[in-house]
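These are the residues of each chain, in order.
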Amino acid sequence: SLKQDLYGKKILITAGRTVEPIDPVRYITNHSTGKMGFALAKNAVARGGKVILVAGPTDLKIETGATLIQVQTTAQMDEVVEHYFSEMDIVIMAAAVSDYRVEKPAAQKIKKHSEKMSLSLIKNPDILLKLGTKKQKQLLVGFAAETQHLLSNATKKMKEKNVDLLVANDVSRSDIGFGSDQNEVTFLQPDKKPRLIKKTSKEEIAEKIFDMLLSK
Ligand code: C5P
């Protein structure tokens, strides 16, 4: 990119899904592929940013130019993000984080026996919520994937998590979102009107997110 408007800025981006073990061979996860987070990392590097990309397991072969730190669980992602947070200028949480984990993952493969079985899940730390309470100079960006009441749920999240920008997307639509190369999102900012970004590539959305942050 010709514009080096993120030159020297330290940027941390999370991407993809997290994976929570049930036993040595099974796990709980979601459909996130990491495309949005990787597009953000690539755009930020092209504009001169120093980028750390914290990603869950992904099949993407995209060369972003960022420093890639791979994690499995939400707890591991939490640890990495907490470690770097204080030195960052911009933090974007694009990962679809597992909200719960298995309370006691089994050390050995669980055998089948009874007709019914249940897993006990406990809540994971909400990484973004914690960052929102302690941010200082950092610009903080969250994502919200919703299947209904997009604007009201996302507006609530923007406030609760104390973010500077909340990127809301409707994951009930199959033409956009998870796994797709395209997305249609709404930007929500404190004290501003929602702004719809019509269906476009994730690269273009990444570009607009940084444009938005730089205009603050
Ligand atoms: O509350 P919800 O999960 O919908 O909020 C989404 C935003 O919060 C995303 O930016 C996601 O990366 C972040 N998040 C997090 N830690 C969690 C759950 C979500 O940082 N445990």
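Residues numbered from 1 in each chain as written. Predicted model: local features only at pLDDT ≥ 70, side-chain atom pairs only at ≥ 80, totals over all residues.

- In the annotation of an unreviewed UniProt entry, the entry for the protein reads Coenzyme A biosynthesis bifunctional protein CoaBC, and the organism field reads Liquorilactobacillus oeni DSM 19972.

1. Section: helix α2 (residues 74-84)
Along an α-helix, a turn takes 3.6 residues, which lines up residues three or four apart on a common side.
Line of reasoning, step 1. When we look at burial in α2, the residues that qualify are T74, M77 and V81. With its buried residues spanning 60 degrees around the axis, α2 presents them on a single face. (Buried ≥ 20, exposed ≤ 12 C-beta atoms within 10 Å, placed from the backbone. Helix = DSSP H or I, 4+ residues; strand = E, 2+ residues; numbered from the N terminus. Arc of directions from axis to C-beta.)

2. With respect to the site of the ligand
Line of reasoning, step 1. Taken together, 14 residues lie around the ligand, and M93, V97, I127, L128 and G142 are the ones closest in.
Line of reasoning, step 2. The set of elements that each furnish at least two residues to the shell around the ligand consists of α3 (127-134) and β9 (139-146).
Line of reasoning, step 3. Considering each element in turn, the shell around the ligand owes the most residues, 3 residues, to β9.
Line of reasoning, step 4. When its residues are assigned to classes, the shell around the ligand shows 7 nonpolar, 4 polar and 3 charged. (Near = placed C-beta within 6 Å. Nonpolar A, V, L, I, M, F, W, Y, C, P; charged D, E, K, R; others polar.)

3. Looking at the sheet that holds strand β5 (residues 67-70)
Line of reasoning, step 1. Taken in spatial order, the 8 strands make up an open sheet running β5-β4-β1-β6-β9-β10-β11-β12, and their pairing is mixed. Looking at the sheet topology across the chains shown, the edges are occupied by β5 and β12 (195-201). Along the sheet, successive strands turn relative to each other by an average axial angle of 20 degrees, direction set aside.
Line of reasoning, step 2. Of the pairings in the sheet, the one linking strand β1 (residues 10-15) to strand β6 (residues 90-93) comprises 4 bridges and is parallel in character. Each bridged residue has a counterpart across the sheet, and for I11 the counterpart in β6 is I90. (Pairing = 2+ DSSP bridges. Axes fitted to C-alpha atoms, helices over the stretch in contact; angles between N-to-C directions.)

4. Quick word on the nonpolar core
Line of reasoning, step 1. The biggest cluster of nonpolar side chains holds 52 residues, and the ones touching the most others in it are I13 and L40.
Line of reasoning, step 2. Looking at which element gives the most residues to this core, the answer is helix α1 (residues 35-46), with 7 residues.
Line of reasoning, step 3. Not counting residues up to four positions away in its chain, the partners in contact with I13 are G37, L40, A41, V51, L53, I92 and A94. (Core = buried A, V, L, I, M, F, W, Y, C linked by C-beta atoms within 7 Å. Contact = placed C-beta atoms within 7 Å.)

5. Section: the UniProt feature "binding site: CTP" (unreviewed entry) in the protein
Line of reasoning, step 1. Under the UniProt annotation, "binding site: CTP" (unreviewed entry) lies at D99, K109, P125, D126, I127, L128, F143, K157 and K161. A maximum C-alpha distance of 37.8 Å is found for the annotated residues, which run over 63 residues; spatially they are spread out rather than grouped.
Line of reasoning, step 2. As for its placement among the helices and strands, P125 is situated in the loop between β8 (121-123) and α3.
Line of reasoning, step 3. Take P125: there are 17 C-beta atoms within 10 Å of it, and that puts it in the partly exposed class.
Line of reasoning, step 4. Residues contacting P125, with those up to four places away along its chain left out, are T74, D78 and K130.
Line of reasoning, step 5. Relative to the elements of secondary structure, D126 occurs in the loop between β8 and α3. (UniProt positions renumbered as here; feature names shortened; annotations may be inferred.)

6. Quick notes on the environment of D59
Line of reasoning, step 1. By the element assignment, D59 lies in the loop between β4 (50-55) and β5.
Line of reasoning, step 2. As for D59 and T33, which are separated by 26 residues in sequence, their C-alpha atoms are 7.4 Å apart.

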